[in-house]
Amino acid sequence: MSQAELAPAQAPVARRNPLWTLGILRSELTTTLRRWRTLALLGVLAAVPVLIGVAVRIETADGSPAGPGEGGAGPAFLSQVTNNGLFLVFASLAATLPVFLPMAVGVIAGDAVAGEANAGTLRYLLVAPAGRTRLLLAKYASTLAFCLVATLVVAASALAVGALLFPIEDITTISGTRIGFGDGLLRAGLVAVAVAASLTGFAALGLFVSTLTNSGIAAMAATVGVLITVQILDTIPQLSGIHPYLFPHYWLSFSDLLREPFYWDEVLKNLELQALYAAVFGSAAWARFTAKDITA
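If you're wondering where the values come from, they're calculated on a predicted model, not measured in any experiment.

So, the packing of helix α7 (residues 131–165) against helix α8 (residues 181–197)
One can describe the packing of α7 onto α8 by two numbers: an axis separation of 8 Å at closest approach and a directional angle of 145°. In this structure, α7 meets α8 at a crossing whose hand is right-handed. Here α7 contributes Cys147, Leu148, Thr151, Leu152, Ala155 and Leu159 to the contact with α8, which in turn contributes Leu185, Ala192, Val195 and Ala196. Of the residues assigned to the contact of α7 with α8, the class counts are 9 nonpolar, 1 polar and no charged.

Remarks on unusual backbone geometry
Here the amide bond leading from Glu260 into Pro261 is cis, since omega sits at 0°, within 30 degrees of zero. Looking at the secondary structure, you find Pro261 in the loop between α10 (216–233) and α11 (265–291).

What to know about the pattern of salt bridges
Evaluation of the coordinates by the stated rule reveals 6 salt bridges. For the salt bridge of Arg37 with Asp111, the shortest nitrogen-to-oxygen distance reads 2.6 Å. Note that Arg37 is positioned in helix α3 (residues 36–59) and Asp111 in helix α5 (residues 100–119), a separation of 74 residues in sequence. Accessibility expressed as a relative area gives 32% for Arg37, which makes it partly exposed. Asp111 gets classed as buried once you look at its relative accessible area, which sits at 9%. Of the charged contacts in the structure, one is a salt bridge between Arg178 and Glu169, with a shortest N-O distance of 3.9 Å. Exposure remark for Glu169: the relative accessible area of 35% places this residue in the partly exposed category.

What to know about empty space enclosed by the protein
Using the criterion set out here, one finds 1 cavity of 30 Å³ or more in the structure. In this model, the largest cavity occupies a volume close to 80 Å³. Lining the largest cavity are Glu28, Thr31, Thr32, Arg35, Ile108, Asp111, Ala112, Glu116, Lys139, Ser142 and Thr143. Tallying contributions element by element places α5 first for the lining of the largest cavity, with 4 residues.

So, the environment of Val54
Along the polypeptide, Val54 turns up in helix α3. Here Val54 falls in the partly exposed class, since its relative accessible area comes to 38%. Considered as a pair, Val54 and Gly162 are 108 residues apart in the sequence and their alpha carbons are 9.5 Å apart.

Considerations on the nonpolar core
Judged by nonpolar contacts, the single largest core of 66 residues is most densely connected at Val81, Phe90, Val191, Phe247 and Phe254. Where this core is concerned, the elements lending two or more residues are α3, α4 (87–96), α5, α7, α8, α9 (200–210), α10 and α11. When residues in this core are grouped by element, the largest group, 11 residues, is from α7.

Brief notes about a nonpolar patch on the surface
A cluster of nonpolar side chains, Leu190, Phe262, Trp264, Leu268 and Leu271, forms an exposed patch at the surface whose accessible area comes to about 400 Å². Its location among the elements puts Leu190 in helix α8. With a relative accessible area of 32%, Leu190 lands in the partly exposed category.

So, the confidence of the model for the chain
Per-chain confidence: the chain averages 83 in pLDDT, with 82% of residues scoring 70 or above. The least confident element of the chain, judged by mean pLDDT, is helix α1 (residues 3–6) at 46; the most confident is α9 at 95. The low-confidence segment residues 1–14, where pLDDT is below 50, has 1 contact with residues more than four positions distant or belonging to other chains. Overall, residues 68–73 carries pLDDT values under 50, and its contacts beyond four positions in sequence, including any with other chains, amount to 2 contacts.

Some thoughts on the packing of α9 against α11
Two elements in contact, α9 and α11, have axes whose closest approach is 7 Å; the angle formed by their N-to-C orientations is 15°. Here α9 is positioned roughly parallel relative to α11, judged by the angle of their axes. The two elements α9 and α11 cross, and the hand of that crossing is left-handed. Side by side, α9 and α11 meet where Thr200, Gly201, Phe202, Ala204, Leu205, Leu207 and Phe208 of the first sit next to Gln274, Tyr277, Ala278, Phe281, Gly282, Ala284 and Ala285 of the second.

Topic: the environment of Val230
When you line up the elements, Val230 lands in helix α10. By relative accessible area, Val230 is classed as buried at 11%. It is 7.7 Å that separates the C-alpha atoms of Val230 and Pro248, two residues lying 18 residues apart in sequence. Excluding residues within four positions of it along the chain, Val230 makes contact with Leu246, Phe247 and Pro248.

Definitions and cut-offs
- Residues numbered from 1 in each chain as written.
- Predicted model: local features only at pLDDT ≥ 70, side-chain atom pairs only at ≥ 80, totals over all residues.
- Heavy atoms only, no water.
- Axes fitted to C-alpha atoms, helices over the stretch in contact; angles between N-to-C directions.
- Helix = DSSP H or I, 4+ residues; strand = E, 2+ residues; numbered from the N terminus.
- Left-handed = near helix turned anticlockwise from the far one by under 90°.
- Contact = heavy atoms within 4.5 Å.
- Nonpolar A, V, L, I, M, F, W, Y, C, P; charged D, E, K, R; others polar.
- Salt bridge = Lys/Arg side-chain N within 4 Å of Asp/Glu carboxyl O.
- Buried < 20%, exposed > 50% of the residue type's maximum accessible area, 1.4 Å probe, protein only.
- 1 Å grid on protein atoms, 1.4 Å probe; cavity = no way out; pocket = protein on both sides within 12 Å on 5 of 7 lines; lining within 4 Å.
- Points joined across faces, edges and corners; volume = space filled by probe spheres on them.
- Core = buried A, V, L, I, M, F, W, Y, C linked by side-chain atoms within 4.5 Å.
- Patch = residues over 30% accessible without salt bridge, like charges linked within 9 Å, V, L, I, M, F, W, Y side chains within 5 Å.
- Areas by Shrake-Rupley, 256 points an atom, 1.4 Å probe, with all protein chains shown as cover.
- pLDDT = per-residue confidence, 0-100.
- Parallel < 35°, antiparallel > 145°, perpendicular 65-115°, else oblique.

Following this line, the structure appears as structure tokens:
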């Protein structure tokens, strides 16, 4: 009998298949986007441009202007909607970004970990040989995917309603130059991507809050509470010194993408600030989640 046959059998070495990461990410995306809560949130977001478009159409039925214009009440670009339906995309994003979009993201991010723990499924997810780090990354990636999907839903709904209720033609930029409809449509897509990127820092903050509790409702409420508090702080003139460090401060900088040429200063400041928040709270979420005692 050979030495190989006499040697004791060795236990197989466990190897992590890199496809596990893609599988978990696909599972997280599917689970997130197919939930009734997610579909309801997307439905509400899609309804906002419809309400804005119908309201402007009714108000301007007698030929009166859509709004007081610059410096007046209502979301930005509202007064241009009657002349060009494409501006309904920009007006809808300006109306939903301060409250509706981040609240929807807060619900998804706050429930990412805490909801699984509350349902008792989190420990079963950790049985798979993916590790806590890759599971957390998959949950953050699925939250970012929701940010993009939610923004595109608002933009697509606004474009459809704008084309249905108002004329669609070349647009006049904030700088006063006129660009073609195709170029304007590309800018609308770029603005939508910029709006989605504006939510990445808040998504990381919500994910961190989700790792602090086993109650999905508590995590969602705390995340939305932080959003409201920071929004209030950003409107107090006496606190202007901290405004540039608050994550929503540069959210409306996407309007600079409607200039000719582009004005990048505040857009880049916004992206840098979101990257900082994502790095800080993403690291905090990782530190908390990897050390957390999973009992549910």
